[in-house]
Amino acid sequence: MHQPLGYRDHTHLDYVCRLRKSLYGLKQAPRSWYKRFADYVLSLGFSNSKCDHSLFIYRKGSHMAYIFLYVDDIILTASSHALRLSIMNLLSSEFAIKDLGPLNYFLGIAVTWHKGGMFLSQRKYAEEIIDRAGMSSCMSSPTLVNTNAKVGTTSSAPYEDPTLYRSLTGALQYLTFTRQDISYAVQQVCLYMHDPRVDHMQALKRVIQYLQGTLDLGLHLNSSSTSSLVSYTDADWGGCPNTRRSTSGYCVFLGDNLVSWSSKRQSTLSRSSAEAEYRGVANVVSESCWLRNLLLELHCLVTKATIVYCDNISGIYLSGNPMQHRRTKYIEMDIHFVREKVARGQVRVLHVPSRYQIANIFTKGLPQVLFDDFRDSLSVRRLPALTAGFATVGFGWA
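Not measured: the values here are computed from a predicted model. Residue indices begin from 1 for each chain and proceed along its sequence in written order. Per-residue local features are limited, in this predicted model, to residues with pLDDT of at least 70; the limit for side-chain atom pairs, both in listing and counting, is 80 or more; totals at the level of whole chains, interfaces and linings are taken over all residues. Water and hydrogen atoms play no part in the side-chain values, which are based on all heavy atoms of the structure.

Caption draft 1: A look at the environment of Asn257. In DSSP terms, a helix is any run of H or I states spanning at least four residues, a strand is any run of E spanning at least two, and both are numbered starting from the N terminus. Looking at where Asn257 falls in the secondary structure, it is placed in strand 12 (residues 257-265). Only protein chains enter the accessibility calculation, which uses a 1.4 Å probe; a residue whose area is less than 20% of its type maximum is buried, one above 50% is exposed, and one in between is partly exposed. For Asn257, a relative accessible area of 10% puts it in the buried group. As a C-alpha pair, Asn257 and Leu221 span 36 residues in sequence and 5.6 Å in three-dimensional space. Note on definitions: a residue-residue contact is assigned when non-hydrogen atoms from the two residues lie within 4.5 Å. Contacts of Asn257, omitting those with residues within four sequence positions, involve His220, Leu221, Asn222, Ser224 and Val252. Any pair of N or O atoms that falls within 3.5 Å is considered a polar contact. Within protein, one atom must be able to donate a hydrogen and the other to accept it, and sequence-neighbouring residues count only if both atoms are side-chain atoms. In terms of polar contacts, Asn257 uses its side chain to reach the backbone carbonyl oxygen of Asn222, at 2.7 Å.

So this is what it looks like as structure tokens:
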């Protein structure tokens, strides 16, 4: 702590300001705290990740350690128990910390270790959302959205309590961290936060009804020897009934584990289904490039090309054809970006039948059988039989 510029008392240089506001309420506090922590761990031999500034990486010979920082919550994992203890002792000498043991809870996400890996769940958080909505005793729904009609902006009267709508919608967004199956439905209700209507609230309540019957579901991360990146991308051309913009979605797997996903309305209007699909391909290729760079920093080199599965033949054709056409000049930047990655051998765009296009779950409402199948493919399942595991620890401030 030191006296800020403009408020320095030159006769009492050792004095500091008395805080009348909490740490989280000060605009300068997060940046100052991050710099304080980063400077110290960098002095210990860690390096700051360029892909994610909250990640610090240590490597010395065969010894490796990772620190992930979120405000005052930290995850530390190391290649050996001795290395982990030595790092914790060094941090304890500089900061007042508390060892919370093996990782079991972080930022509202419960971590349960099982035989093959870990199970991430936000059951408690989902129950709080259901209770906040006053639907603790509601009937469950097997699906999330209506597969026929889509909700528009002025389809019904304004909802009487827009603050509640926005609060529930924002809470559901955080729930998608471990419940990727609700991503599309949450994306749809988020579009109308500025002017929620009765129909929009009904759509939101249906999401909550679905959660009521699927509280036991969570994301599984299993140990895998495969280090290849495989992604699926899809687009619902002109699906928005108000703007006719397309909804694109993708999911990226590292081996058998889902590591990245998205469901988002495209920012510009597409004049053809090929254009909408190709924008989706460009989005997932960009995400894959970021993941490859992150894995490289983690010293997990991905040697094989990223496989991108798309169910649109025209989109696949554009990724490899060097000729320009009139209908593609509006997406020329995306075309050059993807083609460059394909030419370098970093990406391969392949066709997949719509029946096996997992990314469909992020772009449209699906029949229950197909939805359940894709949900299972995303590793969103129930918790298996439990076993103990002690690979990672988390700790916070005392």
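Caption draft 2: Geometry of the pattern of salt bridges. The term salt bridge refers to a pairing of a side-chain nitrogen on Lys or Arg with a carboxyl oxygen on Asp or Glu at a separation within 4 Å. Enumeration according to the criterion identifies twelve salt bridges in this entry. Here Glu94 ties to Arg36 by a salt bridge, and the two come within 2.4 Å at their closest N and O atoms. With Glu94 in helix 2 (residues 81-94) and Arg36 in helix 1 (residues 29-43), this pair connects stretches of sequence that are 58 residues apart. The exposure class assigned to Arg36 is partly exposed, which follows from its relative accessible area of 38%.

Caption draft 3: Highlighting the pairing of strand 2 (residues 55-60). Bridge count between strand 1 (residues 47-48) and strand 2: two bridges; the pairing is antiparallel. Each residue of the ladder has a partner; that of Asn48, found in strand 2, is Phe56. Think of it this way: DSSP has to see at least two bridges between two strands before they count as a pair. Here strand 1 hands over to strand 2 after six residues, the two strands then running antiparallel side by side. Pairing geometry for strand 2 and strand 3 (residues 63-70), over six bridges, is antiparallel. Bridge assignment links Phe56 to a residue of strand 3, and that residue is Ile67. In this antiparallel pair of consecutive strands, strand 2 and strand 3, the connection spans two residues, and Gly61 shows a positive phi of 65 degrees.

Caption draft 4: Region of interest: the packing of helix 4 (residues 162-175) against helix 5 (residues 183-190). Contact pair helix 4 / helix 5: the axes reach a minimum separation of 10 Å and the direction vectors enclose 150 degrees. Classified by the angle their axes make, helix 4 and helix 5 are roughly antiparallel. Crossing angle aside, the handedness with which helix 4 passes helix 5 is left-handed. The segment helix 4 lies against helix 5, with Tyr165, Thr169, Leu172 and Gln173 engaging Val186, Val189 and Cys190. Gly falls in the polar group here, along with every residue not listed as nonpolar (Ala, Val, Leu, Ile, Met, Phe, Trp, Tyr, Cys, Pro) or charged (Asp, Glu, Lys, Arg). Counted by class, the contact of helix 4 with helix 5 contains five nonpolar, two polar and no charged residues. Comment: axis = line fitted to C-alpha atoms, over the contacting stretch for helices; angle = value between 0 and 180 degrees taken between N-to-C directions. Working definition: roughly parallel below 35 degrees, roughly antiparallel above 145 degrees, roughly perpendicular at 65 to 115 degrees, and oblique for all remaining angles. With the far helix as reference, a near helix turned anticlockwise by less than a right angle produces a left-handed crossing, and one turned clockwise produces a right-handed crossing.

Caption draft 5: Region of interest: the packing of helix 1 against helix 2. Between helix 1 and helix 2, the least distance of the axes is 11 Å, while the angle of their chain directions is 135 degrees. Our classification of the angle between helix 1 and helix 2 gives oblique. The handedness of the crossing between helix 1 and helix 2 comes out as right-handed. For the pair helix 1 and helix 2, the contacting residues are Arg36, Phe37, Tyr40 and Val41 in the first and Leu90, Leu91, Ser93 and Glu94 in the second. For the contact of helix 1 with helix 2, the residue count by class is five nonpolar, one polar and two charged.

Caption draft 6: Geometry of the layout of surface pockets. When its volume is computed, the largest pocket comes out at roughly 2,200 Å³. Around the largest pocket, the lining is made up of 48 residues, and of these Met118, Leu221, Val259, Leu294 and Leu298 lie nearest the centre. Mapped onto the lining of the largest pocket, the elements with two or more residues apiece are strand 3, strand 4 (73-78), strand 7 (109-113), strand 8 (117-121), strand 9 (217-222), strand 12 and helix 7 (273-297). The biggest single contributor to the lining of the largest pocket is strand 3, with six residues. Broken down by class, the residue content of the lining of the largest pocket amounts to 34 nonpolar, twelve polar and two charged. Note on definitions: the grid is 1 Å and covers protein atoms alone; a cavity is a set of points where a 1.4 Å probe fits but cannot get out; a pocket is an open set with protein on both sides within 12 Å along at least five of seven lines; lining residues have an atom within 4 Å of a point. Grid points are joined across faces, edges and corners, and a volume is the space filled by probe spheres set on the points.

Caption draft 7: Focus on the sheet that holds strand 9. Strand order in the open sheet formed by five strands is 6-7-8-9-15, and the pairing between neighbours is antiparallel. The sheet is open, and its two edges are formed by strand 6 (105-106) and strand 15 (380-382), each paired on a single side. Where strand 6 and strand 7 come together, two bridges link them in antiparallel fashion. Its bridge partner being in strand 7, Tyr105 is matched across the sheet by Ala110.

Caption draft 8: Examining the environment of Phe119 more closely. Tracing the sequence through the fold places Phe119 in strand 8. Given the relative accessible area of 4%, Phe119 is considered buried. On a C-alpha basis, the gap between Phe119 and Asn104 in space is 9.9 Å, while along the polypeptide they are 15 residues apart. Ignoring any residue separated from it by four or fewer positions in sequence, one finds Phe119 in contact with Ala110, Val111, Thr112, His114, Asp216, Leu217, Gly218, Leu219, His220, Arg381, Arg382 and Leu383.

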